[in-house]
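Chains, contacts and geometry: an overview
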Amino acid sequence: MFKFFNHNTIGVYLALPVLLILLRLRLIVYPLEGYTPLTNNLFTPMWNNIFGSVELGGELSIVLSIFFTLIAAYIVSGISNSFHFAEHQSLLASLYYVLISSGFVVSYGLHPAHIFAIFYSIAIIALFRASDKSRPMPLIYNAFLFATIGWLFWGKGLWSLIVLFGLLFFIRTSNIRCILAAILGALTPLSVYATWLFMHNALLTTAELFWQTCIVEVPFFHMGIYTISYSCLVALTLAISALNAIGHLPQLSILESRYTRSITFVLVLITASIALPQYAFEILPIVGIAGSILIAAMMQRLKNQMWAEVLTTIMLVVTVVIQWKVKG
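The following refers to the structure shown. (Residues numbered from 1 in each chain as written. Predicted model: local features only at pLDDT ≥ 70, side-chain atom pairs only at ≥ 80, totals over all residues. Heavy atoms only, no water.)

1. Let's talk about the overall build of the protein chain
Counting its regular elements, the protein chain contains 15 helices and 0 strands. Against the globule reference of 20 Å for 328 residues, the protein chain gives a C-alpha radius of gyration of 19 Å, in line with a compact fold. In terms of overall dimensions, the protein chain has a C-alpha envelope of 65 × 50 × 35 Å along the principal axes. A burial count over the protein chain gives 55% of its 328 residues as buried. (Helix = DSSP H or I, 4+ residues; strand = E, 2+ residues; numbered from the N terminus. Rg over C-alpha atoms; globule rule 2.2 N^0.38 Å. Buried < 20%, exposed > 50% of the residue type's maximum accessible area, 1.4 Å probe, protein only.)

2. Here's the deal with helix H10 (residues 176–199)
Here H10 is 24 residues long and its end C-alpha atoms lie 33 Å apart, about the 34 Å a rise of 1.5 Å per residue gives. The largest bend in H10 amounts to roughly 25° and is located at Leu 187, with the proline Pro 189 lying one to four residues further along. Within H10, burial applies to Cys 178, Ala 181, Ala 182, Gly 185, Ala 186, Pro 189, Tyr 193 and Leu 197. On its buried side, H10 packs onto helix H4 (45–51), helix H8 (137–153), helix H9 (158–170) and helix H11 (203–215). The N-capping residue of H10, defined by a side-chain oxygen 3.1 Å from the backbone nitrogen of Arg 177, is Asn 175. Positioned one or two residues after H10, Asn 201 has a phi angle of 55°, which is positive. (Expected span 1.5 Å × (residues − 1). Bend = angle between axes of the 7 residues up to and from the residue. Contact = heavy atoms within 4.5 Å. Polar contact = N/O pair within 3.5 Å; in protein donor to acceptor, adjacent residues only side chain to side chain.)

3. Regarding the packing of aromatic side chains
Tallied over the entire structure, the rule returns 19 aromatic pairs. With centroids separated by 6.3 Å and ring planes inclined at 55°, the aromatic side chains of Phe 51 and Phe 153 adopt a geometry described as tilted. With Phe 51 in helix H4 and Phe 153 in helix H8, the pair connects residues that are 102 residues apart, well separated along the chain. Note on Phe 51: relative accessible area 13%, which makes it buried. (Phe/Tyr/Trp six-rings, centres within 6.5 Å; stacked < 30°, edge-to-face > 60°.)

4. Considering the environment of Glu 282
Along the polypeptide, Glu 282 turns up in the loop between helix H13 (254–272) and helix H14 (284–301). The spacing of Glu 282 and Ala 297 is 15 residues in sequence and 25 Å in space, taken between C-alpha atoms. Once you skip the residues sitting within four places of it in the chain, Glu 282 turns out to touch Val 106, Ser 107, His 111, Ala 113 and Val 218.

Encoded structure:
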């Protein structure tokens, strides 16, 4: 598995959707068991306007869920390859993204977090590209514009949006002009959407509904021995990959060091947000953005590639077992 995805060929790109579909068999066979989000005020007005007619657990819902996850996985590998996190070009980051997002059934079905993950990944790309520009403001503006569009689909993305502001300090673009560009980028989609709502006499009611989606608490995810064990395994893997990245910093260029510090910062804060009452394991597609990049880089650095193959196989087997063993 590791050796196959440790390449950047057409065959690997074609194999990834096959693997993703196989890891979503639980969703396909039991579309209404466990994953369907039932929390009140979960869906933003923007989400309801576009996807409100999609039946949860229906065929279109399943197809969209798999499609959005696949797009996010490809983008994550693009980040890994373009900004030299990995030793060489490969689709490993996509592989680990699919694995991280496949353990808990609650993160399977069509969910606003899937849309947000795509926009958030694009925002990270824009910020990284801005880090070595003499005039980074346009790219920073674009980054926060995309992230805010994602926020309009998933109110809980507010916390992740705040994390992006912290990222400005790690990529050395925290001067007043860059901060203003970030604020303007965030305000642009909000202003356009608010203007449209005002013209349709729905601004106040929609704004109130949207804010509720940002702060509503989600039901506690009841965990048993299997889910606790799996959570510890994933947390340990993410922690080791983050420590490995930090230990590798002296060998990197100044620019690559900024990228690594930034992605580690994102991983730590987004993962920590799972403990907040407003979040649960449906946030795993967001955690997987940074986590899969660092895991892929760590695996490629292993001197004995056989260990990388073994560890990847263990991750795959455990992921398959846990998703069929745990209901919900």
